[in-house]
Amino acid sequence: MRQDVISKSDMSVSNSAETRRIGYLLIPRFSMLSLASVVETLREVNRQAERTLYELSLISEDGEAVPASCGMPIQVEKGIHDKADYDMVMVLAGFNPHHASNAVYSWLRRLSRHGTAIAGISTGAHVLATAGLLDGYRATIHWENATSALEEFPDVEWTGNLIEIDRDRYTCSGGAATLDLMLNIINRHYDANLTSKVANQFQHERVRSPLDEQKTLEQQRLRVKSEKLHHVINIMEHNIEETIPLDELASSVGLSRRQLERLFRLYLGCSPGKYYRDVRLNKARSLLIQTNKPIIEVAMATGFVSISHFTQIYRGKFGLTPREARYSAL
C-alpha cells in the first residue's frame with residue numbers, strides 16, 4: 001500500500017488524541033449506502049477507542065429532512081446557515097448531483113477558505129467540482145458519471161481510482177469504496193492499529209488505497225481516446241502469463257509497431273512495452289494482496305521468468321519488494 005495513505009504504526013490511540021468534528025451534507029436523493037458507510041465507520045472508531053474521536057452532524061441546506069435515493073426522509077441536525085465549526089465536511093449526493101444549489105456551493109467555498117477539509121462521496125465530487133473546489137486537484141467519481149465529468153471539468157485531474165486523497169480534498173467513487181475512503185481517513189488521523197480494528201469489525205479484508213482503479217472508468221477513457229488503443233489494451237489484459245509480442249499487437253489493429261508506439265505515447269505518455277509491463281505488475285499486486293500464492297507463482301502467472309527480475313521491477317514501480325507488499329497489506 002502507498003505508505004503516505006496507510007501507515008505501519010501499531011500504537012494505540014493516545015488519550016490526548018484530538019476529537020474531530022465531521023459534518024455530512026446531504027444532497028437530496030443521496031445514497032443511503034454511502035451515508036451508512038461514513039456514519040457507521042466513525043461510530044465504530046469511537047466504540048473501539050472507548051472515547052469520542054469523532055463528533056458527527058447531519059446537515060441539509062435548510063435544516064429540514066432530506067429524502068434519500070430510496071425516498072426515505074432522513075432528519076438532520078443543522079442547516080448550512082447554522083453556526084458550526086467543522087474539521088471536515090463530506091458531501092453525499094446520488095444519481096443527480098444537480099440538486100445542489102448556489103447557496104450550497106457558496107457555503108462550501110467559504111468552508112474551504114477557512115481551512116475546512118472537504119470530501120465528495122460518489123457524485124458529491126461533482127458538487128465540489130461545480131463549486132470550483134477540485135480545480136488543480138486529483139479527484140475521482142463514479143464511473144457512470146466519469147465521461148461527463150471529464151468534459152465538464154477539464155481543470156480537475158480525474159484519475160479513475162476508487163478513492164483519491166489530494167491535500168485537503170477527499171473523493172471516492174461511492175458504493176463499497178466509501179468504506180475504503182473512511183478507513184484511509186481514520187488512518188491518516190490516528191493510526192493503523194485502530195484502522196485495522198474498524199476494518200475487521202466490518203469484515204473488510206483489505207483497505208483499498210488510491211492505487212486501486214475503477215476498471216470500468218479506465219476502459220471508458222481509453223475507448224474515447226482511441227478504439228484501436230482500447231482494443232490493444234484489452235488484448236494485453238487478457239494475456240498476462242504469456243505476453244503477446246508488440247509486432248503482433250500492432251498488426252491485430254492494422255498498425256505498424258511504430259504507429260502503435262506513437263499512439264501509446266500520444267494518449268498514455270509511455271511506450272506499449274512499459275504499459276504492458278504495468279498491466280502485469282498491477283495484476284501481480286492484486287495476487288500478492290488477495291491470494292496466498294507463493295511469490296514465485298505470482299511472478300510466473302504475470303509473465304516474469306525469474307524471481308530476482310520480478311522483485312527488481314516490482315520494487316521500481318511500487319517502492320516495495322513483493323514480500324514487503326504482501327506483509328504491508330496484512
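Residues numbered from 1 in each chain as written. Predicted model: local features only at pLDDT ≥ 70, side-chain atom pairs only at ≥ 80, totals over all residues. Heavy atoms only, no water.

## Describing helix H5 (residues 177-189)
With 13 residues, H5 should cover 18 Å at 1.5 Å per step; its first-to-last C-alpha distance of 19 Å lies within 8% of that length. Most of H5 sits out of view: twelve of its 13 residues are buried. (Helix = DSSP H or I, 4+ residues; strand = E, 2+ residues; numbered from the N terminus. Expected span 1.5 Å × (residues − 1). Buried < 20%, exposed > 50% of the residue type's maximum accessible area, 1.4 Å probe, protein only.)

## Observations regarding the environment of serine 148
When you line up the elements, serine 148 lands in helix H4 (residues 146-152). Along the backbone, serine 148 and histidine 126 are 22 residues apart, and their C-alpha atoms lie at a distance of 9.9 Å.

## Let's talk about a nonpolar patch on the surface
On the surface, Ile296, Met300 and Ile307 cluster together into a nonpolar patch covering about 260 Å² of accessible area. When you line up the elements, methionine 300 lands in helix H12 (residues 295-301). (Patch = residues over 30% accessible without salt bridge, like charges linked within 9 Å, V, L, I, M, F, W, Y side chains within 5 Å. Areas by Shrake-Rupley, 256 points an atom, 1.4 Å probe, with all protein chains shown as cover. Salt bridge = Lys/Arg side-chain N within 4 Å of Asp/Glu carboxyl O.)

## Here we look at the side chain of asparagine 184
You can see asparagine 184 is positioned in helix H5. Classification of asparagine 184 as buried rests on a relative accessible area of 0%. Of the polar contacts made by the side chain of asparagine 184, one reaches the backbone oxygen of aspartate 180; its length is 2.8 Å. (Polar contact = N/O pair within 3.5 Å; in protein donor to acceptor, adjacent residues only side chain to side chain.)

## A few points about the nonpolar core
Counting 39 residues, the largest nonpolar core has Tyr24, Tyr54, Met90 and Leu92 as the members making the most contacts within it. Look past the residues within four positions of leucine 92 in its chain and what remains in contact with it is Tyr24, Leu25, Leu26, Ile27, Phe30, Ser34, Leu35, Val38 and Ile121. The next biggest cluster of nonpolar side chains, apart from the first, holds 29 residues, and it includes Val104, Leu108, Val127 and Ala146. (Core = buried A, V, L, I, M, F, W, Y, C linked by side-chain atoms within 4.5 Å. Contact = heavy atoms within 4.5 Å.)

## A word on the pairing of strand S6 (residues 88-92)
Taking burial as the measure, the five residues of S6 include five buried ones, the bulk of the element. Residues of S6 alternate between two faces, with Met88, Met90 and Leu92 on one and Val89 and Val91 on the opposite face, all of them buried. Here S6 runs beside strand S7 (residues 117-121); their pairing, made up of five bridges, is parallel. Across the sheet, residue methionine 88 finds its bridge partner in S7, namely alanine 117. Once you follow S6 into helix H2 (residues 102-113) and on to S7, the crossover reads as right-handed. (Pairing = 2+ DSSP bridges. Right-handed = clockwise from strand over helix to strand, strands pointing away.)

## Some remarks on helix H8 (residues 227-237)
Within H8, the full set of buried residues consists of Leu229, His230, Val232, Ile233, Ile235 and Met236. Residue serine 226 occupies the N-cap position of H8, its side-chain oxygen lying 3.4 Å from the main-chain nitrogen of lysine 228.

## Quick word on the confidence of the model for the chain
Per-residue pLDDT for the chain has a mean of 87; in total, 88% of the residues score no lower than 70. Scored below 50 in pLDDT, residues 1-11 shows 34 contacts in the model against residues more than four places distant or in partner chains. (pLDDT = per-residue confidence, 0-100.)

## What to know about the packing of aromatic side chains
All told, the structure shown has seven aromatic pairs when counted by the stated rule. Seen from their ring centres, tyrosine 54 and tyrosine 190 are 5.6 Å apart, and the 85° between their planes marks the pair as edge-to-face. In this pair, tyrosine 54 is assigned in strand S2 (residues 54-60) and tyrosine 190 in the loop between H5 and helix H6 (192-201), connecting sequence segments 136 residues apart. Just as tyrosine 54 is buried, tyrosine 190 falls in that class too. An aromatic cluster is present here, built from Phe304, Phe310, Tyr314 and Phe318 joined pairwise through their rings. A cation over an aromatic ring shows up here: arginine 20 above the ring of tyrosine 190, its NZ or CZ 5.1 Å from the ring centre. Over the ring of tyrosine 137 we find arginine 169, and its NZ or CZ is 4.8 Å from the ring centre. (Phe/Tyr/Trp six-rings, centres within 6.5 Å; stacked < 30°, edge-to-face > 60°. Lys NZ or Arg CZ within 6 Å of the ring centre and 35° of its normal.)

## Side note on the sheet that holds S2
The strand order across the open sheet formed by seven strands is S5-S2-S1-S6-S7-S11-S10, and the pairing between neighbours is mixed. Either end of the sheet is taken by a strand with one partner, and the two such strands are strand S5 (78-79) and strand S10 (163-166). As paired elements, S7 and strand S11 (residues 169-172) share four bridges and run parallel to each other. Bridging across to S11, isoleucine 121 finds its partner in cysteine 172. Helix-sheet contacts for helix H1 (residues 32-49) involve strand S1 (20-26), S2, S6 and S7, and the interaxial angle to S2 is about 155°. Contacts between H2 and the sheet are confined to S1, S2, S6, S7 and S11, with S6 contributing the most and set at about 155° to the helix. (Axes fitted to C-alpha atoms, helices over the stretch in contact; angles between N-to-C directions.)

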